[in-house]
Amino acid sequence: MSNIVFRHHWRRVKDVPLSWKTSRKVMQQKIAWRNGTRSMSSEAGESYDVIVVGGGHAGCEAATAAARMGATTLMLTHKIETIGEMSCNPSFGGIGKGHLVREIDALDGVCAKICDKAGIHFKILNRRKGPAVWGLRAQIDRDLYRKYMQEEILSTPNLTVKAAAVEDLIIGEKNQQQTDCSHGNADCHGVILADGSKLYSKSVVLTTGTFLRGCIHLGLEQRPAGRIGDEPAIGLAKTLEDAGFTVGRLKTGTPPRLDGQTIDYSKLQQNSPDDNPTPFSFLNKQVSIKPEDQVVCHLANTTSRVGEIIMNNRHLNIHIQQDSHGPRYCPSIESKIMRFGNKGHQIWLEPEGLNTNIVYMQGFSITLPAELQEQCVHSVPGLENATMTRPGYGVEYDFMDPRQVSPSLETKRIGNLFFAGQINGTTGYEEAAAQGIVAGINAALKASNKPAFTISRAEGYIGVLIDDLTTHGTTEPYRMFTSRAEFRLTLRPDNADLRLTSKGYNVGCVSNHRYKQTQYVDDKLSESIDLLKSIHMTANKWQQSFHQLTCDVPITGSRPTHISAFELLQYNNVTVKLLSDVLPENKVLKDLAEDLQLVHRLQTAGLYDHLLAQQYQDIEEVKLEEELVLPTDIDYDRMRLSNEVKQRLAEVRPTTIGAAGRIQGVTPAAIVQLLNYVKRKQKLSGKDSILL
């Protein structure tokens, strides 16, 4: 396979045109490559700080994060034109997932900004509950997302991109001067390409998606592929297995695509976007698409006939016969029928872009033979005459037990090697991107011999995601939900920047521009809270004022003589606009009411203020446990613990007492013994504390 190199430019993406300057730059690059001025022979043995393998959502975040931190970074991908490909659903965000996108953006990641440019239908989910668990979500134009992501990737300073297949890793003995034995006895020093050429680096990040020994299933047909049209990574999978990593198999699937012009929408329920789209990125006040130009989605339901076709033809579906586990929370239609019965199951029909008629059948992943898929489609009301442009199919692939990586996502078996994305057993663009940005940051830090960057469960959903994976592992594709987080009131989508941007800035992955904006917002929010807290009236006076505006606010319970305007925000029908109407003479308050983004933050802070004291106390207790560090060379066999507990601790090798306590099967009594054991060891070594 020829190795194509592109630096700081982009290529044409299908039918989406590039500017004439960009087109000329690409053409000049191609001519130079064809003339041999950038041949691989002249770059043999080249070296980088960080090499990222994969151009999917994890790879894009990892590569740009490392490059932002000043590391000379190389992204290796099978095809330049598939960088940023949305391989499955044409959407980003959702309940829990939207939190991850906001946190990625807070760390200066790229996916949120791209979504704001490529989004065609924006909607906040879960509004019936409090804003702490709202789910920001958007339908995305596939072509635009890929175009904008490639522009971002191929114009990022310090980042080089090559089209090349990685066949092997360069593994060597650990530097004798290194005392850290928490990452095995060997280090990764680069990669070996399919043509045998070697590329050296100080860190390597693997974001292989579904490509490790990937196999596509359609009916009884099987063929090796990471996805339709792309070859699997066989050699790399064997390398990891030979290196001693525990390998498992997972499976996922994708639904058929339909020609939207052949759908009878009169039989379907319409789902409209929000009138005022909410951007994913904190840097944007609005999204690119005008509210009135947004597309609509539609809801359909299966019939009993769909279930009959599936149940009568299970013998023709090899995918559902596999022992590997599929996604519990995004199951195939076959799994739904077999698990929940032959009742009506929802199907969301989602347009794939502004300039295409293709419609995605969300919730209808299926792997029957194509002709039977077509029968199922035609059994859905509204789709009786729909044309199936592409059948659904299943993918089975290797993943590594994520308990083999540390919270920095560096592997415990081989130093300088990081895993991110589906290789760690997750599913979803957002989960992959969240891991990618953490792995990219830490790969750059490791290349500079700096301490690792980690996010705790108390700091972000990214921390919850990584802690769940590295502590518990997974036997099925892991998906994020708000229910997985203990501290939902503080880990809100509206304050992700206030929680994480400063932390990211301190390690060098956040720009000065974003950091200053976040500081400005933080200051303005504090000033606004102080302003509202300074405004006091008695409960009766407030109620009289609200009554004059024909607004009923039931101020109940035991209240002090005077109540601040800020305290009133805990009532659902009290808004900053209402308060400004009550106090029209307060010009500062009136101006504040016109800043809609700041008002949303302010009202959310006021809504949860009376509930946060206990949560902050809980967070401090968790932080204390997380600061109790366990030695990397601890011998669990010498401890008086049950064999099961010893085995689980030895498998995971938790880095803190807090992490040890979250391992399934490790009892509170075992934690006490572990704590006492470590304290005795520290005392014998002359150390007074095991606190960081």
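Data block above holds the structure.
Before going into details, it helps to say that this report is about the structure given with it. A quick note: this is a predicted structure, and the numbers were derived from the prediction, not measured.

Here's the deal with helix α7 (residues 304–312)
Two residues of an α-helix separated by three or four positions point the same way, owing to the 3.6 residues in each turn. Turning to α7, its buried residues are Val-306, Gly-307, Ile-309 and Ile-310. The arc that holds the buried residues of α7, viewed along the axis, is 160°, so those residues lie on one side. Where α7 is buried, its residues meet α8 (333–340) and α9 (370–378).

Some words on the packing of aromatic side chains
In the structure shown here, the tally under the stated rule is five aromatic pairs. Between Phe-245 and Phe-419 the ring centres are 5.3 Å apart and the planes differ by 50°, which places this aromatic pair in the tilted class. Placement of Phe-245 in the loop between α6 (234–242) and β13 (247–254) and of Phe-419 in strand β22 (residues 417–419) is noted, with a sequence separation of 174 residues between them. Each of the two residues, Phe-245 as well as Phe-419, counts as buried.

Quick notes on the sheet that holds strand β5 (residues 119–125)
If you trace the three strands from one edge of the open sheet to the other, you get β4-β6-β5, paired in antiparallel fashion. Of all the strands in the sheet, just β4 (91–93) and β5 have a single pairing partner and so form its edges. With strand direction ignored, the average angle separating the axes of adjacent strands in the sheet is 20°. Bridging between β5 and strand β6 (residues 135–140) involves six bridges; their strand directions are antiparallel. By the bridge assignment, Ile-124 is partnered in β6 with Leu-136. Here helix α3 (residues 97–106) sits on the sheet and contacts β4 and β6; the angle it forms with β4, its principal contact strand, is near 80°.

A look at the environment of Arg-479
Mapping Arg-479 onto the fold places it in the loop between α11 (461–472) and α12 (496–507). Its relative accessible area of 22% is what places Arg-479 among the partly exposed residues. Between the C-alpha atom of Arg-479 and that of Glu-430, which follows or precedes it by 49 residues, the distance is 9.2 Å.

Overview of the sheet that holds strand β17 (residues 346–351)
What the six strands build is an open sheet, ordered β15-β16-β17-β18-β14-β19; its pairing is antiparallel. The open sheet is flanked by β15 (269–271) and β19 (388–390), the only strands paired with a single partner. Across the sheet, the axes of successive neighbouring strands diverge by a mean angle of 35°, strand direction being ignored. Looking at chain direction, strand β16 (residues 297–301) and β17 are connected through four bridges and run antiparallel. Counterpart to Leu-299 in the pairing with β17 is Trp-348.

Thoughts on the environment of Tyr-677
Following the sequence through the fold, Tyr-677 ends up in helix α20 (residues 668–684). For the pair Tyr-677 and Ile-634, spaced 43 residues apart in the sequence, the C-alpha separation amounts to 9.8 Å. Look past the residues within four positions of Tyr-677 in its chain and what remains in contact with it is Ile-634, Asp-635 and Met-639.

Parameters and conventions
Residues numbered from 1 in each chain as written. Predicted model: local features only at pLDDT ≥ 70, side-chain atom pairs only at ≥ 80, totals over all residues. Heavy atoms only, no water. Buried < 20%, exposed > 50% of the residue type's maximum accessible area, 1.4 Å probe, protein only. Helix = DSSP H or I, 4+ residues; strand = E, 2+ residues; numbered from the N terminus. Arc of directions from axis to C-beta. Contact = heavy atoms within 4.5 Å. Phe/Tyr/Trp six-rings, centres within 6.5 Å; stacked < 30°, edge-to-face > 60°. Pairing = 2+ DSSP bridges. Axes fitted to C-alpha atoms, helices over the stretch in contact; angles between N-to-C directions.

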